[in-house]
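Architecture at a glance
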Amino acid sequence: MSNKTIRNLFLAAACLAAAACGGPKRPSTVGTTPEVERRVEQILAQMTLAEKIGQMNQVSADGGVDNYAEAVRRGQIGSVLNVVDPEKINEMQRIAMEESRLAIPLLVGRDVIHGFHTVFPIPLGLAATFDPALVEEGARVAAVEATAQGVRWTFSPMLDIARDPRWGRMAEGSGEDTWLDARMGEAMVRGYQGAQWDTTAMAACIKHFVGYGAAEGGRDYNSTFLTENQLRNVYLPPFEAAVKAGALTLMTSFNDNDGVPSTGNRFIVKDILRDEWGFDGLVVTDWNSMGEMVSHGYGADRREVARQALDAGVDMDMMTFGFITHLEELVRAGEVRESAIDDAVRNILRVKILLGLFEHPYVDAAAAETVQYAPEHLDAARRTAEESAVLLKNDGVLPLDAGRVRTILVTGPMADAPHDQLGTWSFDGQKQHTVTPLAALRERFPGRVIYVPGLKDSREQRARFDDVVAAARRADVVLAFLGEEAILSGEAHSLADLNLKGSQSELLAALQATGKPVVATVMAGRPLTVERDLPHCGAMLYSFHPGTMGGPALANLIFGDATPSGKTPVTFLRTVGQVPMYYSHNMTGRPYRGEKLLDEIGPEAGQTSLGNTSYYLDYGAYPLFPFGYGLSYTTFAYTEPSLDKAVYGRDDVVRAACTLTNTGARPGTEVVQVYVRDLVGSFTRPVKELKHFERVALQPGESRRVEVEIPVSALAFWGADGTKKVEPGDFQLWLAGDSASGEPLAFKVE
Ligand code: NOJ
């Protein structure tokens with residue numbers, strides 16, 4: 001039985017048990033049981049108002065845990081973040097368990113975003129694998145390493161849909177697509193939390209609720225203006241999927257949407273998350289996002305925003321100190337009901353009990369080291385980095401034949417940048433454990449690698465290319481490792497210019513001019529605008545910051561021990577002025593009539609003119625690479641697509657099939673993608689929506705019948721009448737290797 005099945009059975013049994021014993025009437029999303037609820041009530045009954053409010057207070061220990069010992073002793077802290085030293089965590093837990101009145105353990109949180117010590121590719125790279133099982137495995141590795149040191153709560157996965165690569169936090173999520181984001185989010189929740197609660201279970205925190213990725217202008221923290229249609233059909237589904245997968249906690253976001261900051265947004269937290277989805281886990285604010293409601297001008301002072309946040313459904317305050325300072329007086333003044341505080345504390349205690357913290361508050365500090373960077377963790381990180389790389393261009397230069405290229409020039413600012421290849425949010429990854437491409441290549445080809453950095457600094461300094469060009473002349477092949485430093489993406493690191501920084505493009509052009517074969521590998525936190533660089537290399541491999549084992553993974557790909565199979569989880573733009581451009585856009589009244597889009601217009605389109613359509617005079621209508629794109633060292637052909645029926649009922653399953661053939665000379669894996677279009681709806685609908693994907697490995701010449709099942713219910717959307725349902729009518733379906741390929745099959749839903 002799979003872990004997933006075991007967990008589902010566990011959740012189902014817990015729901016039945018809860019209902020039978022007069023527990024919560026609706027199924028628990030976090031898998032609570034009557035026994036857990038009894039314990040919650042028992043603890044709650046003993047708590048003073050001050051102790052309850054203490055549980056709702058989360059503080060950062062980065063200033064030193066000693067500062068908080070007394071507050072823990074007095075029961076004024078429910079959770080700490082940013083402490084990873086197991087000795088210190090044990091000491092704080094000891095104070096909580098032995099010296100505080102009620103012996104409630106602390107919940108210790110940390111941003112374990114793409115690995116703890118062993119760093120995996122950034123989440124955008126994880127999404128490029130289109131491999132939820134592998135992503136789940138990576139999240140489990142992160143949980144095993146982090147929990148060994150006492151961290152039982154990660155602020156991950158970030159489920160923000162991101163359609164603007166200027167936004168630095170695109171690096172931290174799964175890209176532009178709702179379906180892919182949901183599948184990745186579920187996988188990470190399963191991986192962090194494990195199949196059953198045990199001491200390696202790390203509570204997931206799905207964030208940032210909601211819409212944060214739609215920041216105006218791609219500038220972090222900026223306002224968003226999402227309609228309910230966009231929220232419900234694009235931005236909320238990944239959160240709902242992760243709640244259904246059992247996520248224990250959720251974080252509100254910094255942004256205000258249409259004038260309401262998320263941390264005070266009753267509609268999204270109370271009405272949707274709690275009432276519609278039945279979420280009975282813990283809701284935490286983002287760092288001081290309660291306090292920022294004062295900056296937004298949504299509340300006059302910290303007292304007012306504390307009341308607003310509680311009223312919206314927030315349980316725990318991260319670093320505003322608004323609850324701890326004001327809730328007691330708000331209760332006394334009759335502005336806040338104590339029952340609302342009780343509900344928040346129930347949510348917090350429930351999570352602590354489910355994690356087994358009361359039974360296991362301490363870790364074995366001496367043993368904590370032994371699991372860090374375990375060989376199987378490094379192996380998983382390498383495999384993931386291999387699967388996440390996307391081959392954007394190959395004129396035949398890759399894979400290199402190690403027997404034929406004797407002297408290898410390694411150059412570029414990312415060739416030996418052990419910190420930068422870890423990417424953003426890798427607090428605990430130590431650069432001395434990183435294997436860079438240079439290190440991996442030197443180990444593999446002793447004496448055959450010439451290393452000339454080429455650029456001192458990727459951002460500003462004009463390069464002196466003479467040395468590197470001279471070295472290229474002596475080499476059989478040039479491997480240029482380009483990209484952006486870790487610090488150029490992530491929180492508060494937005495960019496208005498998405499070209500390779502500094503003189504990197506000039507360096508590449510100078511290398512190409514030598515006439516030697518040039519392989520460009522780009523390591524970055526976002527899809528950069530690399531159109532101008534493509535002509536200056538024979539092949540381009542794109543590796544969203546690949547983590548600890550990026551070097552060996554890229555060496556394996558370049559020399560053909562691994563074959564690229566990653567696909568773009570986000571549209572690659574030709575120029576930043578095209579933002580936002582994403583495959584799943586709505587159909588306009590005047591679609592661009594280039595050949596590629598003719599099938600989208602359909603036979604009834606009344607347009608007669610090629611002009612006056614939706615495109616740019618200077619850059620046209622298309623991106624550089626569409627969503628879902630990625631080459632292999634082999635080629636694949638999709639033949640004979642078919643559907644089992646022409647007309648389906650709303651409870652049916654659409655069965656689509658095609659034959660996939662590996663038409664090249666090497667083994668390879670193709671990510672088969674299924675897109676659907678709902679031709680007429682009560683709202684205009686996207687031109688295509690991903691509804692399924694799977695990885696198919698084939699030997700040269702091998703053919704396989706690929707059969708996929710799409711429940712008709714998966715075609716439902718929130719329509720103009722405010723309900724979610726499948727609207728009957730005509731649909732189209734594509735089975736293809738990316739979002740811009742394939743011929744549509746037509747079907748109807750009655
Ligand atoms: C602020 C970030 O927005 C959030 O993602 C993170 O989890 C918290 N800080 C805690 O570090």
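As shown above, the structure is provided for reference.
For clarity, every value in this text was computed on a predicted model and none was experimentally measured.

A word on the overall build of the protein
For the protein, the count of helices and strands is 22 helices and 26 strands. Along the first, second and third principal axes, the C-alpha set of the protein runs to 75 × 65 × 50 Å. Restricting the contact set of the protein to residue pairs at least 6 apart, pairs at least 24 apart contribute 77%. Taken as a whole, the protein presents about 27,100 Å² of accessible surface, with 50% of it coming from carbon and sulfur. Side-chain charges in the protein split into 73 positive and 96 negative, and the spacing between the mean points of these groups amounts to 2 Å.

What about the packing of helix α11 (residues 266-276) against helix α13 (residues 302-312)?
Taken N-terminus to C-terminus, the directions of α11 and α13 make an angle of 25 degrees; their axes are 8 Å apart at the nearest point. By the angle class used here, α11 and α13 are roughly parallel. Facing α11, whose interface residues are Arg266, Val269 and Lys270, α13 presents Leu310, Asp311 and Ala312.

Considerations on the site of the ligand
Residues in close proximity to the ligand total 13 residues, the closest being Asp111, Arg169, Lys207, His208 and Asp286. Interatomic distance of 2.4 Å between a side-chain N/O atom of Asp111 and an oxygen atom of the ligand. Compared with its free state, where it exposes 300 Å², the ligand has 95% of that area covered by protein. Tallied by class, residues from the shell around the ligand come to seven nonpolar, one polar and five charged.

What to know about the sheet that holds strand β17 (residues 636-643)
Taking strand neighbours across the sheet as the criterion, the three strands line up as β17-β19-β22 in an open arrangement whose pairing is antiparallel. Each edge of the open sheet is held by one strand with a lone partner, namely β17 and β22 (703-711). Each neighbouring strand pair of the sheet contributes to a mean axis angle of 25 degrees, computed without reference to strand direction. With six bridges joining them, β17 and strand β19 (residues 653-662) adopt antiparallel strand pairing. Pairing of Tyr638 across the sheet is with Leu660, part of β19.

Side note on α13
Structurally, the α-helix is built with 3.6 residues per turn, so residues lying three or four positions apart point the same way. The set of residues buried in α13 consists of Val305, Ala306, Gln308, Ala309, Leu310 and Ala312. Against α11, α12 (292-296), α14 (322-332) and α15 (338-354) lie the buried residues of α13. Gly313 occupies a position one or two residues after α13 and carries a positive phi of about 115 degrees.

Some remarks on the environment of Asp271
By secondary structure assignment, the location of Asp271 is in helix α11. Sequence separation between Asp271 and His419 is 148 residues; the distance between their C-alpha atoms is 43 Å. Residues within four places of Asp271 in sequence aside, it is in contact with Arg266 and Glu276.

A word on the pattern of salt bridges
According to the stated counting rule, one finds 48 salt bridges in the structure shown. Here the salt bridges do not stand alone but share partners, grouping Glu70, Arg73, Arg74, Glu91, Arg94, Glu98 and Glu99 into one network.

Quick look at the environment of Trp167
Within the fold, Trp167 resides in the loop between β4 (153-154) and α8 (178-193). Classification of Trp167 by relative accessible area gives buried; the value is 0%. Through-space distance from the C-alpha of Trp167 to that of Ala214 is 8.7 Å; in sequence the pair is 47 residues apart. Here Trp167 is in contact with Met158, Asp160, Ala162, Tyr212, Gly213, Ala215, Gly218, Arg219, Asp220, Ser494 and Arg526, once residues within four sequence places are set aside.

Description of unusual backbone geometry
Following Ser156, the chain continues into Pro157 via a peptide bond in cis, with omega recorded as 5 degrees. The topology assignment puts Pro157 in the loop between β4 and α8. Cis geometry marks the peptide bond from Leu398 to Pro399; its omega dihedral reads -5 degrees. Within the secondary structure, Pro399 sits in the loop between β11 (390-394) and β12 (408-411). Of note in this structure, Asn288 is not a glycine but carries a positive phi near 60 degrees. Since its relative accessible area comes to 25%, Asn288 is described here as partly exposed. With a phi close to 55 degrees, Tyr373 is a non-glycine residue in the positive phi region. With respect to the element layout, Tyr373 can be found in the loop between α16 (365-371) and α17 (375-388). The exposure class of Tyr373 is buried, given its relative accessible area of 12%.

What about the packing of α13 against α14?
Packing of α13 against α14 brings their axes to within 9 Å, and their N-to-C directions diverge by 85 degrees. If you check the angle between α13 and α14, you find them roughly perpendicular. Counted together, Arg302, Arg303, Ala306, Arg307, Ala309 and Leu310 of α13 and Gly322, Phe323, Thr325, His326, Leu327, Glu329 and Leu330 of α14 form the full contact between these two elements. Class assignment for the residues of the contact of α13 with α14 results in six nonpolar, three polar and four charged.

Some words on the pairing of strand β1 (residues 57-60)
Burial along β1 is two-sided: the face carrying Asn57 and Val59 and the face carrying Gln58 and Ser60 are both buried. Summarising the sheet, β1 and strand β10 (residues 317-318) pair through two bridges and their orientation is parallel. When the sheet's bridge partners are listed, Asn57 is paired in β10 with Asp317. With three bridges joining them, β1 and strand β2 (residues 79-81) adopt parallel strand pairing. Looking across to β2, one finds that Gln58 is bridged to Ser79.

What counts and how
Residues numbered from 1 in each chain as written. Predicted model: local features only at pLDDT ≥ 70, side-chain atom pairs only at ≥ 80, totals over all residues. Heavy atoms only, no water. Helix = DSSP H or I, 4+ residues; strand = E, 2+ residues; numbered from the N terminus. Contact = heavy atoms within 4.5 Å. Areas by Shrake-Rupley, 256 points an atom, 1.4 Å probe, with all protein chains shown as cover. Lys, Arg positive; Asp, Glu negative; His and termini not counted. Charge placed at Lys NZ, Arg CZ, Asp CG, Glu CD. Axes fitted to C-alpha atoms, helices over the stretch in contact; angles between N-to-C directions. Parallel < 35°, antiparallel > 145°, perpendicular 65-115°, else oblique. Near = heavy atom within 4 Å. Polar contact = N/O pair within 3.5 Å; in protein donor to acceptor, adjacent residues only side chain to side chain. Nonpolar A, V, L, I, M, F, W, Y, C, P; charged D, E, K, R; others polar. Pairing = 2+ DSSP bridges. Buried < 20%, exposed > 50% of the residue type's maximum accessible area, 1.4 Å probe, protein only. Salt bridge = Lys/Arg side-chain N within 4 Å of Asp/Glu carboxyl O.

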